[in-house]
Amino acid sequence: MKDQLKLLWQLQSLEQEKKALTAKKEKIKTDEVRRLWQEIRLMGQAVIADRDKLMCMQKVASRHEIDLAEVADQLRQMEEHLYKGEITNIKEMEQVKVKCDTLRQEIGAREEDVLRAMEECERLANQISNIEEQLKKKKSIHSVKQQGITQSIGYVEECLEEIDKRYHIALEKIEQKTYDQYASLARKIVYPVAKVENGVCSGCRRGIPASQVSSVAAHPVYCDNCGRMLLMDCQ
Ligand SMILES: [Zn+2]
């Protein structure tokens, strides 16, 4: 009986180990990595949107440059007309001078437009490169964390497989009748096998009467207090 009880004790210990390892596996933090990946995804989308925006802004800036060149060309032609001495009429000359002044003012305003558009493009380009830099860092952190998690889970799974093997080896050696007693008791009591060490039941910490401890039983002996099957240390 004692060998069978020892095997049951082993079975129960393996069940406890398995439970602890499963809890450990569940505690491995995957939330943080998932959150990080979500951040990376959103940042990636923001970069794509910003790049599209930058492209539009660059088009606007070059449109402003073309407009500026056109007005500058108009002014050049008008000044040429004015200074070549082709105009003899004073009134017409005054009108052309006024037009030239207007064009100069327009050029000033358009130069500001070009400058502003270029500054905006530069600001957005800097913003994009900052986000890309952050994205690179986050991706490398994510990869390290992901690797760590994969390793931890892999290790726990290996241990669980090993436990399963040992569990089946022990189970094969247990007689059906003994196992049935154990299984039926396990439905009522959590971890139904207790060891008696120094006359004390390991399940409930109560003393076991000496007569029970010393009895060499062919059948399992149960703790009067908690009802567990007892594995005696002196059997
Ligand atoms: Zn007990």
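Everything below is about the structure printed above this text.
Rules used throughout
Residues numbered from 1 in each chain as written. Predicted model: local features only at pLDDT ≥ 70, side-chain atom pairs only at ≥ 80, totals over all residues. Helix = DSSP H or I, 4+ residues; strand = E, 2+ residues; numbered from the N terminus. Buried ≥ 20, exposed ≤ 12 C-beta atoms within 10 Å, placed from the backbone. Pairing = 2+ DSSP bridges. Expected span 1.5 Å × (residues − 1). Axes fitted to C-alpha atoms, helices over the stretch in contact; angles between N-to-C directions. Parallel < 35°, antiparallel > 145°, perpendicular 65-115°, else oblique. Left-handed = near helix turned anticlockwise from the far one by under 90°. Nonpolar A, V, L, I, M, F, W, Y, C, P; charged D, E, K, R; others polar. Contact = placed C-beta atoms within 7 Å.

1. Describing the overall build of the protein
Tallying secondary structure elements over the protein gives 5 helices and 4 strands in all. Helices (α) and strands (β) of the protein occur, in sequence order from the N terminus, as α-α-α-α-β-β-α-β-β. For the protein, the spread of C-alpha atoms along the principal axes amounts to about 140 × 30 × 25 Å. Counting every position in the protein, which comprises 235 residues, the buried fraction comes to 9%.

2. Some words on unusual backbone geometry
Comment: phi is negative for the bulk of residues other than glycine, and the bulk of peptide bonds are trans. Even without glycine at this site, Tyr-191 takes up a positive phi of about 50°. Of note, Tyr-191 is situated in the loop between helix 4 (176–186) and strand 1 (193–197). Positive phi values are uncommon outside glycine, yet Arg-205 reaches one of about 70°. Take Arg-205: it is sitting in the loop between strand 2 (200–201) and helix 5 (210–214).

3. Focus on the pairing of strand 1
Taken together, the 4 bridges between strand 1 and strand 4 (residues 229–232) define a ladder with parallel strand orientation. By the bridge assignment for strand 4, Val-196 is matched with Met-232. The turn joining strand 1 and strand 2, which pair antiparallel and follow one another in sequence, is formed by 2 residues; a positive phi near 50° is taken by Asn-198.

4. Re helix 2 (residues 31–83)
The end-to-end C-alpha distance of helix 2, which contains 53 residues, comes to 77 Å, matching closely the 78 Å that a straight helix rising 1.5 Å per residue would cover. A positive backbone phi angle near 75° is found at Gly-85, which sits one or two residues after helix 2.

5. Describing the packing of helix 2 against helix 3 (residues 90–173)
If you want to describe how two helices pack, look at the angle between their axes and the distance between the axes. Relative to each other, helix 2 and helix 3 sit at 165°, their axes nearing to 7 Å. Taken as axis vectors, helix 2 and helix 3 run roughly antiparallel relative to one another. Between helix 2 and helix 3 lies a crossing whose hand is left-handed. In terms of residue class, the contact of helix 2 with helix 3 is built from 33 nonpolar, 9 polar and 20 charged.

6. Some remarks on the packing of helix 1 (residues 2–27) against helix 3
Running from amino to carboxyl end, helix 1 crosses helix 3 at an angle of 160°, the nearest separation of the two axes being 9 Å. Classified by the angle between their axes, helix 1 and helix 3 sit roughly antiparallel to one another. Here helix 1 runs over helix 3; the crossing is left-handed. Between helix 1 and helix 3, the residues in contact are Leu-7, Gln-10, Leu-11, Leu-14, Glu-17, Lys-18, Leu-21, Lys-24 and Lys-25 and Ile-153, Val-156, Cys-159, Leu-160, Ile-163, Arg-166, Tyr-167, Ala-170, Leu-171 and Lys-173, respectively. Of the residues belonging to the contact of helix 1 with helix 3, the class tally is 12 nonpolar, 1 polar and 6 charged.

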